[in-house]
Amino acid sequence: MEIKSGIPVSPGVAIAPALVLDSESFRIPRRFIRKDEVDTELKRFELARTKAIEEISEIRNSIHSIVKEEVGLIFNAHLQMLNDPLITREIPEKIKAKRYTPEYAVSRVFKKIIKPMKEINDAYFLQRVNDFYDIQKRLLRNLLGQRAHDLAALDRKVVVVAHDLTPSQTATLNKAMVAGFVTDVGGATSHTAILANALGIPAVVGLGTITSDVSGGDVVIVDGKSGRVIVNPDDATRAKYEARGQGFIDREKRLADAAAKASRTTADDVAVRLYANIEWDNEIETALKLGADGVGLFRTEFIYGQYGAHPTEEQHLEVYRRAHAALEGRPLTLRTMDFGADKFAAEVGLDREENPFLGCRSIRLSLREPSLLITQVRAALRAATMGPTRLMLPMVGSVEEFRAGRAIIQNTIADLKREGLEHRADVPVGMMVEVPSAALIVDHFLNECDFFSIGTNDLVQYTLAVDRNNQYVAGLFKHTNPAVLKLIHHVIKTCTDAGKPVSVCGEMAGEARYAVLLLGMGLRDFSVGPTALPELRTLLSRVKTSEAAALATKALSMTSADEIAAILDIEAERLLPSEEFGY
Ligand code: PEP
Ligand code: MG
């Protein structure tokens, strides 16, 4: 039994055998197979090798005749290598005798071939080294492709173990079969974490070396609240975590019951509106059941993940109409696509950037390629005849950027009018406040922006210069850093004083300890992941705005992030005592 500790990102307990996903572009860890798996794994390797031969033959045969001879020779050499005993004999030997996984056997054998060639440091050999890398990659891709296929066609429950999962990979996890997942890297507000919550899959990230520590078939316990991951537990531990898992399910039920009975106001009768953050329209039904007043953030970039690089206007329209139909007249805030950085960069064919979070993501991309934005906005305005809609621009950092985005929307309205297509022209246009520059000068936007929503995930990342996806700096990602609180307070106060709608839609709004603080700063509109709704509704119905305001005043006068977090925890415990809602 081995106990590891990581960053908990989605609560609940999962217990199941591991399915380990290696990654083609990452070091393949030393991993072993069981004796009874040797035959299947040998077959897997042979399948991957045959497929590589087929692929290379196909490429060779399709080469244009002008370059046929020269390039053909390279591919002939590749084919020869794939039939070399080093590969046909030595790799299977390592699978059989040492019980290496085929992936690890491939990486070992290629290392043995490549290392001496590199040491010669001769141009000819260095060229051959690249050929070997190419073949190794092809073999690994085929082996890993089989694993990806395994993931899509699961017939038993597993815990997925991966170096990293991209948001698009996470989005395709089959909740019925993926009991939980754990990764080497990641941070608490990464999109992978947000998706795990949306899907209700217990998850722990930032474990460092979990892909090396676990072999396929090992039983893994994932405790998504404490961040503990236990490999091959003994019976007593397993029983303890089974009970804890049931405790979590019971707690969710108690919270749902409490929320259903709770008033939709604070304890002193001040109305608070709780909206849902969604990635797909099919989350709306659950969100409404959990008490959502509407959708406060639709991360529409996930539509691109669903339909491929460029969904058509009709495809967008279909999604937005479905969303309105499910909402039955409740408000829908559509955030225009927020691609780039960790989200769907590859899917939309973006170039790799050195610093993607500071690069051409989000509104910057929309302004660089307006046609993408126009397609989406046309659909949003057309669907808006079905229900109240707001359009929200992400990552705005300057007034010029907001104006440019708004101008595109205005022109799109004019186009729709000219074309005689039914639409709404009076849709409010707002912005995310998630770049510190925008937060500091929020007053400059008041005359041109219809509403504001504070994206704390990015605001914390950019204010503190802490990558939200990086486990090494996860300890520095503190919502209670006084600089962050000052910015959030400034935005809420400036907007409320001016009578402009303002909400918070980052993960912060959904955590009990921070929600009271935000209420105390004057916030009345919260937008959170659907699973956070019952707790938030119960919590806010139990607190008076005067108590929350006193807490906020105190927190804003303090200088230590940890001390602020400590007083927030005490208040959250008072309102939602562990005896009632612990597990
Ligand atoms: C945020 O940054 O807080 C936010 C809500 O947007 P996203 O998490 O999609 O970047
Ligand atoms: Mg953001």
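Quantities reported herein were computed from a predicted structural model and do not represent experimental measurements.

## Here we look at the site of ligand 1
Lining the immediate environment of ligand 1, one finds 17 residues, of which Arg299, Arg335, Gly455, Asn457 and Arg468 sit closest. Threonine 456 places a main-chain nitrogen or oxygen 3.1 Å from an oxygen atom of ligand 1. Measuring from an oxygen atom of ligand 1, one finds a backbone N or O atom of asparagine 457 at 2.8 Å. Isolated, ligand 1 exposes 290 Å² of accessible area, and the fraction of that covered by the protein chains is 100%. Given that more than half its atoms are within 2 Å of the pocket grid, ligand 1 belongs to the largest cavity. Looking at the shell around ligand 1, the elements with two or more residues in it are helix 7 (191-199), strand 10 (295-299) and helix 18 (456-464). Broken down by element, the shell around ligand 1 gets its largest block of residues, three residues, from helix 18. Each residue belonging to the shell around ligand 1 can be placed in one class, and the counts come to four nonpolar, five polar and eight charged.

## Digging into the pattern of salt bridges
For side chains of opposite charge, pairing can occur when their charged atoms come near one another. As enumerated under the stated definition, the model contains 43 salt bridges in all. Across the pair glutamate 46 and arginine 49 runs a salt bridge, and its minimum N-O distance is 3.0 Å. Of this pair, glutamate 46 and arginine 49 both sit in helix 1 (residues 38-62), three residues apart, roughly one helical turn. Judged by relative accessible area, which is 33%, glutamate 46 ranks as partly exposed. Taking the relative accessible area as the measure of exposure, arginine 49 reaches 10% and is therefore buried. Close ionic contact of glutamate 313 with arginine 378 constitutes a salt bridge, the shortest N to O distance being 2.6 Å. Remark: arginine 378 occurs in helix 14 (residues 370-383) and glutamate 313 occurs in helix 12 (residues 313-327); sequence separation between them is 65 residues.

## Some words on the coordination of the magnesium ion (ligand 2)
Those donors, Glu434 (OE) and Asp458 (OD), are the protein atoms that reach the magnesium ion (ligand 2), and they lie 2.0 to 2.1 Å from it. With glutamate 434 in the loop between strand 13 (429-433) and helix 16 (436-440) and aspartate 458 in helix 18, the pair connects residues that are 24 residues apart, well separated along the chain. For the pair glutamate 434 and aspartate 458, a shared accessibility class is recorded, and that class is buried.

What counts and how
- Each chain carries its own residue numbering, running from 1 in the direction its sequence is written.
- In the order they appear in the text, chains get letters beginning with A and ligands get numbers beginning with 1.
- For this predicted model, a pLDDT threshold of at least 70 governs which residues receive local features, and a threshold of 80 or more governs which side-chain atom pairs are given and counted, while totals over whole chains, interfaces and linings are taken from all residues.
- In computing side-chain values, all of the structure's heavy atoms are included and hydrogens and water are not.
- When at least one non-hydrogen atom of a residue lies within 4 Å of a molecule or strand, that residue is treated as near it.
- In protein, a polar contact requires one atom able to donate a hydrogen and another able to accept it; more generally it is a pair of N or O atoms within 3.5 Å, and residues adjacent in sequence count only if both atoms are side-chain atoms.
- All accessible areas in this document rest on Shrake-Rupley with a 1.4 Å probe, and a residue is counted as covered only by the protein chains that are shown.
- Cavities and pockets were defined on a 1 Å grid built over protein atoms only: a cavity is a set of grid points that admits a 1.4 Å probe from which the probe cannot escape, a pocket is an open set flanked by protein on both sides within 12 Å along at least five of seven lines, and lining residues are those with an atom within 4 Å of any such point.
- Think of it this way: a molecule belongs to a cavity or pocket when more than half its atoms come within 2 Å of the grid points there.
- A run of DSSP states H or I qualifies as a helix once it reaches four residues; a run of E qualifies as a strand once it reaches two. Both are numbered from the N-terminal end.
- As a working rule, the residues Ala, Val, Leu, Ile, Met, Phe, Trp, Tyr, Cys and Pro are called nonpolar, Asp, Glu, Lys and Arg charged, and the rest polar, with Gly in that last group.
- In the sections that follow, a salt bridge refers to a side-chain nitrogen of Lys or Arg positioned within 4 Å of a carboxyl oxygen of Asp or Glu.
- Using a 1.4 Å probe on the protein chains alone, a residue whose accessible area is under 20% of its type maximum counts as buried, one over 50% counts as exposed, and one in between counts as partly exposed.
- Here the term donor refers to an N, O or S atom within 2.8 Å of the metal (or 3.2 Å for Na, K and Ca), and because water is left out of the atoms, sites may appear incomplete.

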